Amino acid sequence: MTPPRALLEALPRRWAALPSWTGALLALLALVLATTLRNPTFIGGENVLNVLRQWSFVGILALGMTFVMTLGGIDLSVGSLVAFAGGLGILVMNTALGAAGLVTSYEAALGQAGVPLPCGAFRYALSRLFLQLGLAGHEGLAVALGFAVIVATGLLAGLLHGLLISRGRLAPFIATLGGLAGYRSLALALANGGEVSSRSPSLFKAIGTGGIALPGTNLAPQAPVPVPLLIPWPVLVFMVLAVLAHVLLTRTRYGRYVVAVGCNPRAAAYSAIDVGRVTRWTYLLMGFLAGVAALLLASRMNSVSSSGTGLYYELDVIAAVVIGGTSMSGGRGTVIGTAIGVLILGVVGNMLNLLQVSTYLQGLVKGLIIVVAVLMQRRPSSAA
Amino acid sequence: MSAATSPAPLVEMESISRDFAGVRALDGVSLSVRPGEVHGLIGENGAGKSTLMRILDGVLRPSAGRLRRRGVPVSWRSPAEAQRHGIAMIHQELHGVGELSVAENILLGREPGRGGFLRREAMAATARDCLASIGCDLDPWRPFRSLSLAEQQMVEIAKALSQQAEVLIMDEPTAVLTQREVGVLLRLIGDLRRRGMGIVYISHILGDVLAVCDRVTVLRDGAVVRRFDDLSGVTEADLANEMVGRALSDQFPPRSAPGAEVVFEARGIAVPGCVDDVSLAVREGEIFGLAGLIGAGRTELGEALAGLRRRRAGSIVVRGRPCRAGTPGEAIREGIAYVSEDRRGTGLVLGMGIRENLTLAALRQSGRVVVGGAAERAAAARQVRDFGIRVGRLDDDVATLSGGNQQKVALAKWLEVRPAVIILDEPTRGIDIGAKAEIYRLIHRLAAEGLICIVISSEMNELLGLCHRIGVMRAGRLAGVVEAAAASDRDLMRLAAGVASTEGTP
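Residues numbered from 1 in each chain as written. Chains lettered and ligands numbered in written order. Predicted model: local features only at pLDDT ≥ 70, side-chain atom pairs only at ≥ 80, totals over all residues. Heavy atoms only, no water.

Enquirer: Please explain the overall build of chain A as it appears in this structure.
Expert: Helix and strand counts for chain A come out as 17 helices and four strands. Scaling as 2.2 N^0.38, a compact globule of 384 residues should have a C-alpha radius of gyration of about 21 Å, and chain A matches this with 23 Å. In terms of overall dimensions, chain A has C-alpha extents of about 90 × 65 × 35 Å along its principal axes. Burial statistics for chain A: of 384 residues in total, 49% are counted as buried. Carbon and sulfur atoms make up 69% of the accessible area of chain A, which totals about 18,000 Å². Across chain A, the 23 positively charged side chains and the 9 negatively charged ones have centroids separated by 11 Å. (Helix = DSSP H or I, 4+ residues; strand = E, 2+ residues; numbered from the N terminus. Rg over C-alpha atoms; globule rule 2.2 N^0.38 Å. Buried < 20%, exposed > 50% of the residue type's maximum accessible area, 1.4 Å probe, protein only. Areas by Shrake-Rupley, 256 points an atom, 1.4 Å probe, with all protein chains shown as cover. Lys, Arg positive; Asp, Glu negative; His and termini not counted. Charge placed at Lys NZ, Arg CZ, Asp CG, Glu CD.)

Enquirer: What am I meant to see in the overall build of chain B here?
Expert: For chain B, the helix and strand inventory stands at 18 helices and 22 strands. What you see for chain B is a C-alpha radius of gyration of 25 Å, in line with the 23 Å of a compact globule of 506 residues. The C-alpha extent of chain B, read off along each of the three principal axes, is 70 × 60 × 45 Å. In chain B, which comprises 506 residues, the share counted as buried stands at 53%. Put simply, of all contacts in chain B between residues at least 6 apart along the chain, 66% involve residues at least 24 apart. For chain B, the computed accessible surface area is about 21,400 Å², with 49% contributed by carbon and sulfur atoms. With 64 positive and 62 negative side-chain charges, chain B shows a separation of 3 Å between the mean positions of the two kinds. (Contact = heavy atoms within 4.5 Å.)

Enquirer: Explanation requested: the sheet that holds strand S3 (residues 37–43) of chain B in the structure shown.
Expert: All names here are of chain B. The mixed open sheet is built from six strands, whose spatial order is S6-S9-S10-S3-S11-S12. In the strand order of this sheet, the two ends are held by strand S6 (87–90) and strand S12 (223–228), each with one partner. Neighbour to neighbour, the strand axes of the sheet diverge by 20 degrees on average, direction disregarded. The pairing of S3 with strand S11 (residues 215–220) spans five bridges and is classified as parallel. Bridge assignment links Leu-41 to a residue of S11, and that residue is Thr-217. Against the sheet, helix H5 (residues 149–162) touches S6 and strand S9 (167–171), its axis set at about 175 degrees to S6. (Pairing = 2+ DSSP bridges. Axes fitted to C-alpha atoms, helices over the stretch in contact; angles between N-to-C directions.)

Enquirer: Teacher, can you tell me more about the packing of helix H10 (residues 233–251) of chain A against helix H13 (residues 275–301) of chain A here?
Expert: Two measures define how a pair of helices packs: the angle their axes make with one another and the distance between the axes. Residue and element names in this part refer to chain A. The N-to-C vectors of H10 and H13 enclose an angle of 170 degrees; their axes lie 11 Å apart at closest approach. Relative to H13, H10 is oriented roughly antiparallel. Of the residues in H13, those in contact with Pro-234, Val-237, Leu-241 and Leu-248 of H10 are Leu-285, Leu-289, Val-292 and Leu-296. Its residues placed into classes, the contact of H10 with H13 shows eight nonpolar, no polar and no charged. (Parallel < 35°, antiparallel > 145°, perpendicular 65-115°, else oblique. Nonpolar A, V, L, I, M, F, W, Y, C, P; charged D, E, K, R; others polar.)

Enquirer: Would you take a moment to explain the packing of aromatic side chains for this structure?
Expert: Working definition: an aromatic ring pair is given by the centre-to-centre distance plus the angle between the planes. Residues and elements named next belong to chain A. Applying the stated rule across the entire model yields five aromatic pairs over all chains. With a centroid separation of 6.1 Å and 15 degrees between ring planes, the pair formed by Phe-67 and Tyr-254 is classed as stacked. Taken together, the positions of Phe-67 in helix H3 (residues 45–70) and Tyr-254 in helix H11 (residues 253–263) put the pair 187 residues apart, joining distant regions of the chain. Judged by relative accessible area, which is 0%, Phe-67 ranks as buried. Look at Tyr-254 and you get buried, because its relative accessible area is 17%. (Phe/Tyr/Trp six-rings, centres within 6.5 Å; stacked < 30°, edge-to-face > 60°.)

Enquirer: Hey, could you run me through empty space enclosed by the protein in this one?
Expert: Rolled over the atoms, a probe sized like a water molecule indicates the empty space that remains. A full pass over the atoms with the stated rule returns one cavity of 30 Å³ or more. Its volume calculated, the largest cavity comes out at about 50 Å³. If you go around the largest cavity, the residues you meet are Tyr-270 and Ala-272 of chain A together with Ala-306, Leu-308, Pro-328, Ala-331, Ile-332, Ile-336, Ala-337, Tyr-338 and Trp-414 of chain B. Contributing elements (two or more residues each) for the lining of the largest cavity: helix H10 (328–333) and strand S18 (336–339) of chain B. The residue inventory of the lining of the largest cavity, partitioned by class, reads eleven nonpolar, no polar and no charged. (1 Å grid on protein atoms, 1.4 Å probe; cavity = no way out; pocket = protein on both sides within 12 Å on 5 of 7 lines; lining within 4 Å. Points joined across faces, edges and corners; volume = space filled by probe spheres on them.)

Enquirer: Where do I start with helix H8 (residues 172–190) of chain A in this structure?
Expert: Each α-helix turn comprises 3.6 residues. Residues three or four places apart therefore point the same way. All names here are of chain A. For H8, which comprises 19 residues, the first-to-last C-alpha distance of 26 Å matches the rise-based estimate of 27 Å (1.5 Å per residue) to within 8%. Those residues of H8 that fall on the buried side of the exposure criterion are Ala-175, Thr-176, Gly-179, Tyr-183, Arg-184, Ala-187 and Leu-190. End-on view of H8: buried residues confined to an arc of 155 degrees, all on one side of the axis. Next to the buried residues of H8 lie helix H4 (78–97), helix H7 (139–166) and strand S4 (303–305). Count one or two residues on from H8 and you reach Asn-192, which has phi positive near 55 degrees. (Expected span 1.5 Å × (residues − 1). Arc of directions from axis to C-beta.)

Enquirer: Just to check I follow, could you spell out the interface of chain B and chain A for this structure?
Expert: A common way to state how big an interface is: give the accessible area lost once the parts meet. Each partner contributes residues to the interface: chain B has 32 residues there, and chain A has 19 residues. Across the chain B/chain A interface, buried area totals approximately 2,000 Å², and carbon plus sulfur atoms make up 57% of it. Looking at the side of chain B facing chain A, the largest losses of area belong to Thr-346, Arg-364 and Val-371 of chain B, adding up to 28% of the total buried there. Counting across the chain B and chain A interface gives one salt bridge. Counting the contacts that link chain B with chain A gives eight residue pairs in polar contact (both at pLDDT 80 or more). At the level of secondary structure, the elements contributing two or more residues to the side of chain B that touches chain A comprise H10, helix H11 (343–347), helix H12 (354–360), helix H13 (363–366) and helix H15 (403–415) of chain B. Here the side of chain B that touches chain A gets four residues from one element, more than from any other, and that element is H12 of chain B. (Buried area = accessible area lost by both parts, 1.4 Å probe. Salt bridge = Lys/Arg side-chain N within 4 Å of Asp/Glu carboxyl O. Polar contact = N/O pair within 3.5 Å; in protein donor to acceptor, adjacent residues only side chain to side chain.)

Enquirer: What is the right way to look at the domain arrangement of chain B in this model?
Expert: Domain assignment breaks chain B into domain 1 (11–244) and domain 2 (346–418). Here domain 1 of chain B and domain 2 of chain B have C-alpha centroids that lie 44 Å from each other. (Domains from an automatic or database assignment.)

Enquirer: Honestly, the sheet that holds strand S19 (residues 421–425) of chain B in this entry has me stumped. Any pointers?
Expert: Paired through backbone hydrogen bonds, the strands of a sheet run either parallel or antiparallel to each other. Residues and elements named next belong to chain B. What the six strands build is an open sheet, ordered S18-S19-S20-S15-S21-S22; its pairing is mixed. Edge positions in the open sheet fall to S18 and strand S22 (477–483), since each of these has one partner strand only. Strand-to-strand twist in this sheet, taken as the mean axis angle between neighbours without regard to direction, amounts to 20 degrees. Bridge count for strand S15 (residues 287–292) against strand S21 (residues 469–474) is five bridges, and the pairing is parallel.

Enquirer: Looking at this structure, I do not really get the nonpolar core. What am I missing?
Expert: Grouped burial of nonpolar side chains is what soluble globular proteins tend to show. Residue and element names in this part refer to chain B. Core analysis: the biggest nonpolar cluster contains 104 residues, and Ile-157, Leu-168, Ile-422 and Ile-470 have the highest contact counts within it. Viewed by domain, this core spans two of them, domain 1 (11–244) and domain 2 (346–418), each represented by three or more residues. For Ile-157, the residues in contact, after removing those within four places along its chain, are Ile-90, Ile-134, Leu-168, Met-170, Leu-185, Leu-188 and Leu-192. (Core = buried A, V, L, I, M, F, W, Y, C linked by side-chain atoms within 4.5 Å.)

Enquirer: Just to check I follow, could you spell out unusual backbone geometry for this structure?
Expert: Glycine aside, the phi torsion of most residues is negative, and most peptide linkages are trans. Residues and elements named next belong to chain B. Despite not being glycine, Ala-325 shows a phi value in the positive range, around 45 degrees. Mapped onto the fold, Ala-325 is located in the loop between strand S17 (321–323) and H10. Positive phi, close to 50 degrees, is recorded for Arg-418, a residue that is not glycine. Topologically, Arg-418 is positioned in the loop between H15 and S19. Look at Arg-418 and you get exposed, because its relative accessible area is 62%.

Enquirer: Help me out: how do you make sense of the pairing of S22 of chain B in this one?
Expert: Residue and element names in this part refer to chain B. Bridge count for S21 against S22 is six bridges, and the pairing is antiparallel. Paired with Arg-474 across the bridge in S22 is Arg-477. Once S21 ends, the chain turns through two residues before running back antiparallel as S22, passing Ala-475 with a positive phi of about 50 degrees.

Enquirer: What should I look at first to understand the state of the cysteines in this one?
Expert: As used here, a disulfide is simply a covalent bond connecting the sulfur atoms of two cysteines. Throughout the structure, instances matching the rule amount to zero disulfides over all chains. The thiol of Cys-136 of chain B is unpaired, and the distance to the nearest cysteine sulfur, on Cys-130 of chain B, comes to 11 Å. (Disulfide = S-S within 2.5 Å.)

Enquirer: What is the right way to look at a nonpolar patch on the surface in this model?
Expert: Residue and element names in this part refer to chain A. There is a patch of nonpolar side chains on the surface, built from Leu-160, Leu-164, Leu-170, Phe-173, Ile-174 and Leu-177 and spanning about 490 Å² of accessible area. Contributing elements (two or more residues each) for the nonpolar patch: H7 and H8. Residue contributions to the nonpolar patch peak at three residues, all from H8. Checked against the element boundaries, Leu-177 lands in helix H8. Using a relative accessible area of 36% as the deciding quantity, one classes Leu-177 as partly exposed. (Patch = residues over 30% accessible without salt bridge, like charges linked within 9 Å, V, L, I, M, F, W, Y side chains within 5 Å.)

Enquirer: I tried to follow the pattern of salt bridges on my own but got confused; where do I start?
Expert: Side chains bearing opposite charge may pair, as long as their charged atoms lie close to each other. One pass over the structure, following the stated rule, counts 31 salt bridges over all chains. Across the salt bridge formed by Arg-226 of chain B and Glu-242 of chain B, the nearest N and O atoms sit 3.2 Å from each other. One end of the pair, Arg-226 of chain B, is in strand S12; the other, Glu-242 of chain B, is in helix H8 (residues 236–244), with 16 residues separating them in the sequence. Connected via shared salt-bridge partners are Arg-256 of chain A together with Arg-355, Glu-376, Arg-377 and Asp-395 of chain B.

Here it is in structure tokens:
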């Protein structure tokens, strides 16, 4: 048997050999345990799935942010981008759905006093196009088009950020700070400061509100027909993407390059790695994931609020990534840690609600958790 | 040693030693500077000049030895403290604050003020006086970055004088100046000497040293090998001989005879500001050396050949095949690899594991998209075995390895891409003798296996022992190519320093 003294001495070394997210995982388990003890409804399937669905959008963004921050960059624009991409997608979809009516009313309006909305001319032209292509009024096509526009907007924004940073030599903070202001402003202009609501009767909201039934569960035992527990699509998408992201970061050449560039971009360039290209792909990936998050969120709400949707998401996303042990200066990051970070934020929010802590004070708790998490990640090994 | 007529030295360094992590960089070096004296300090790269001056300047503390200021024992812990004792240094790379004005730079940290507000008129007046005292009439409000290098140097000197410096250390002050500016500077140095200042003058340009210095101390391998107290009759060749010294050890394996066929050719390589129309030809099985002083353009040439620097002109032909090598990726595909002189900054990715570093350069070539599997582990394990790299675990951070083992990882990393040409920049810098010998044997083995090896080094003896032929660079140009077996370190030093190259040895 190992004498306890030797075991104790071995502990710090064992600790250093554990994955970097071990601490975050322990914190998560402690939070779950504490919350459950105070309020057993927390661990119920419905509550857990609600929390997961609520945080899956931030989670999907955090997957992309893990790559961006491991690369040594940052993306502040994700929240605004979600609002803009979602709003634009719904607007295009609505235009396709109501093309015939739009063309008539705009032509009438044009005859009188000009175009009322700033984007009126754009929608008019789009409506004419849909009518000519014979696509107008078909819900399936319109929803597919809306989804495509949302993802494409994310991709284009990611491409733009990548180009500004790699070719324009802009600091990532600055390039995406421009996006933070710019996309929000575009979203506000698009919706005239209000909401863009989907006119699709059922199809558009299906993916955000639906899910896969968990067999053998029944939420309403008294009802004549069993009501199974639904695993929401956004949660499933987040889980699948998280697995893919983990493989991408740890087991592919691209992931290796991201870590190398994040550790030392000069050394990476000297190793014949095309640093600009790795940067562009990473921001493109971030843009794609922002598109996916926007799609699911818009579908879940069946609308986009130009002033509220995605507001301060960038802070939650960066917080989740940092709590998960990804280094702000790049070179070190794990997808597993990020997933745990997202869950910690979700559990804390839910716990504070269940414990009836004032919503005004919840931000303080979140802030404390971020600071403590980062302080705890100062490993003794890095100081030695 | 000092004659009765000599005044007491302004500063004396006595038996100074300095160790870095167990390596002795300075061993019992003594140096004194008298009032009104220009004391030359010369030696090869790595001989210990900078370490000695960093001790005098207060950046480093000596491991052993004493400092005396006008006969009084002193010690200082920071450059600021050394400045208060009247020691000032003009660095080779000037350290002015580009965004501030001339006056603000001269008075940085000592601004005249009242109640926290600057007194601009007083600043300008002080700065103008300082500049006038060295015969310079720059506008005190010009931004520092708008000045020429010579003007920046003048500002630095004015700043030193305004701090009442009595001892001025000038590190390679003429390297960046035009011929006319050198004349101005040397006259100014003569003027400062007449005012009773003591000047330590470090330079590789031996002609300037002889022109301006009263005495010269020669360092080699961290020790004083010769002190010239009287320079009358001393020639540049005498100085060069003392600098390089002897001792060609038997750590080099015997050279095999190279073939006749030229397998690597670089023609008219030019990099703006660094390399000017350099052409090289390397034969089958030959190890080609590149010598030169710091700043001669050797590293820049190596980087240009490997696509790491943009070339303005020039072509590269490897085994009859023209290479573009416009980017590092392209260079690798065309078989040209460059092992950086800066192991920790650019050669290896510190913070990543040994395994990841070993395979990083070859990942693309391997065509594998999925990494981290058994194949990569096996490849890394094979590299560790082949190159005799002493590691704990393959996944440990590469930063945990010793210098010699890090260098082997850097080499192995590039050999994994199976290059046709490998450019080794300072392959033995900062590693111990045993590891050096291993690296030399490895280079010989590679050359014998048909790899074209170009070795850049600041150690003349290393090039003479290792290479077949050595090209010597000076100010971005190839000053000459010598057969290593027939050449001496003096020949290399003469070419590198620009002393007449064709005359016989005295």
